[in-house]
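Secondary and tertiary structure notes
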Amino acid sequence: MTDVVEIPIRAELPPNYAHADDAGADLRAAESAVLAPGGRALIGTGVSIALPEGYAAFVVPRSGLAAKHGITVLNAPGTVDAGYRGEIKVTLLNTDQEHEFRVEVGDRIAQVVFTPVSRAVFAPVAELPDSERGAKGFGSTGVRG
Ligand SMILES: O=c1ccn([C@H]2C[C@H](O)[C@@H](COP(=O)(O)OP(=O)(O)OP(=O)(O)O)O2)c(=O)[nH]1
Ligand SMILES: [Mg+2]
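Residues numbered from 1 in each chain as written. Chains lettered and ligands numbered in written order. Predicted model: local features only at pLDDT ≥ 70, side-chain atom pairs only at ≥ 80, totals over all residues. Heavy atoms only, no water.

**As for the UniProt feature "domain: dUTPase-like" (unreviewed entry) in the chain**
- Per the UniProt entry, the sites bearing "domain: dUTPase-like" (unreviewed entry) are residues 15-142 in this numbering.
- Measuring from the first to the last C-alpha atom of residues 15-142 gives 39 Å, for a span that is 5% helix and 34% strand. (UniProt positions renumbered as here; feature names shortened; annotations may be inferred. Helix = DSSP H or I, 4+ residues; strand = E, 2+ residues; numbered from the N terminus.)

Printed below as a string of structure tokens:
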């Protein structure tokens with residue numbers, strides 16, 4: 001069964017899940033905007049929430065807007081802190097260098113995912129424990145095969 005968390009919300013256009021088992025709830029634009037080719041815009045959603053302590057919300061792109069129009073969330077995943085009570089806004093980036101992209105009020109421009117998060121307590125050490133990967137990264141395993 002899906003884990004459900006109740007989140008107090010103030011919104012004219014609340015985020016909505018397209019399907020009962022979706023992880024992401026679509027965020028709607030509360031204002032119109034025109035993104036020039038290569039341009040960006042900070043777009044209000046009119047949504048403000050009170051996340052439970054120990055939770056975060058991540059504002060992430062929609063794959064259809066990315067694949068069809070080159071639209072992404074510039075700071076993806078946008079991080080909404082549990083204590084944030086302001087309006088959730090979406091920084092859309094139009095990566096298409098030829099076409100502008102128009103946003104109308106009510107358009108579903110991004111999605112939001114809710115998740116519990118851990119906070120770190122940093123414990124300084126002289127040496128880190130060994131691991132199989134060690135310091136290898138940034139393509140160390142290649143691409144093919
Ligand atoms: O896509 C986003 C990302 C963040 N926020 C809101 C909620 C978050 O809690 C707050 C601050 O975000 P972040 O910490 O990413 O921004 P910052 O540039 O570090 O600002 P601050 O100095 O206020 O933390 O802005 C959004 O509405 N949308
Ligand atoms: Mg910050």
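**Some thoughts on the layout of surface pockets**
- The space that makes up the largest pocket amounts to roughly 470 Å³.
- Contributing to the lining of the largest pocket are 20 residues, with D3, V5, I7, Y17 and F114 lying nearest its centre.
- Sort the elements by how many residues they give to the lining of the largest pocket and strand β11 (residues 108-116) lands first, with three residues.
- The residue inventory of the lining of the largest pocket, partitioned by class, reads 14 nonpolar, two polar and four charged.
- Approximately 170 Å³ is the volume attributed to the second largest pocket.
- What lines the second largest pocket is a set of 14 residues, among which V59, N75, T79, V80 and K89 lie closest to the centre.
- Secondary-structure elements contributing two or more residues to the lining of the second largest pocket are β8 (78-80) and β9 (89-94).
- Its residues assigned to classes, the lining of the second largest pocket shows seven nonpolar, four polar and three charged. (1 Å grid on protein atoms, 1.4 Å probe; cavity = no way out; pocket = protein on both sides within 12 Å on 5 of 7 lines; lining within 4 Å. Points joined across faces, edges and corners; volume = space filled by probe spheres on them. Nonpolar A, V, L, I, M, F, W, Y, C, P; charged D, E, K, R; others polar.)

**Points about the sheet that holds strand β4 (residues 40-44)**
- Ordered in space as β4-β9-β7, the three strands form an open sheet in which the pairing is antiparallel. A single partner strand is all that each edge strand has here, and the edge strands are β4 and β7 (71-73). Across the sheet, the axes of successive neighbouring strands diverge by a mean angle of 35°, strand direction being ignored.
- With five bridges connecting them, β4 and β9 associate as antiparallel partners. Each bridged residue has a counterpart across the sheet, and for L42 the counterpart in β9 is T91. (Pairing = 2+ DSSP bridges. Axes fitted to C-alpha atoms, helices over the stretch in contact; angles between N-to-C directions.)

**Side note on the UniProt feature "binding site: substrate" (unreviewed entry) in the chain**
- Mapped onto this numbering, the UniProt entry annotates "binding site: substrate" (unreviewed entry) at R62, S63, G64, N75, T79, V80 and D81. A maximum C-alpha distance of 26.4 Å shows the annotated residues, which cover 20 residues in sequence, to be distributed over more than one spot. Lining residues of the second largest pocket drawn from the annotated set just named are N75, T79, V80 and D81.
- Mapped onto the fold, R62 is located in the loop between β6 (55-60) and α1 (63-69).
- Every residue in contact with R62, bar those within four places of it in the chain, is listed here: D26, I71, R108, I109, A110 and Q111.
- Accessibility expressed as a relative area gives 42% for N75, which makes it partly exposed. (Contact = heavy atoms within 4.5 Å. Buried < 20%, exposed > 50% of the residue type's maximum accessible area, 1.4 Å probe, protein only.)

**Re the pairing of β11**
- Across four bridges, the pairing between strand β2 (residues 25-28) and β11 is antiparallel. Looking at β11, one finds that A25 is bridged to V112.

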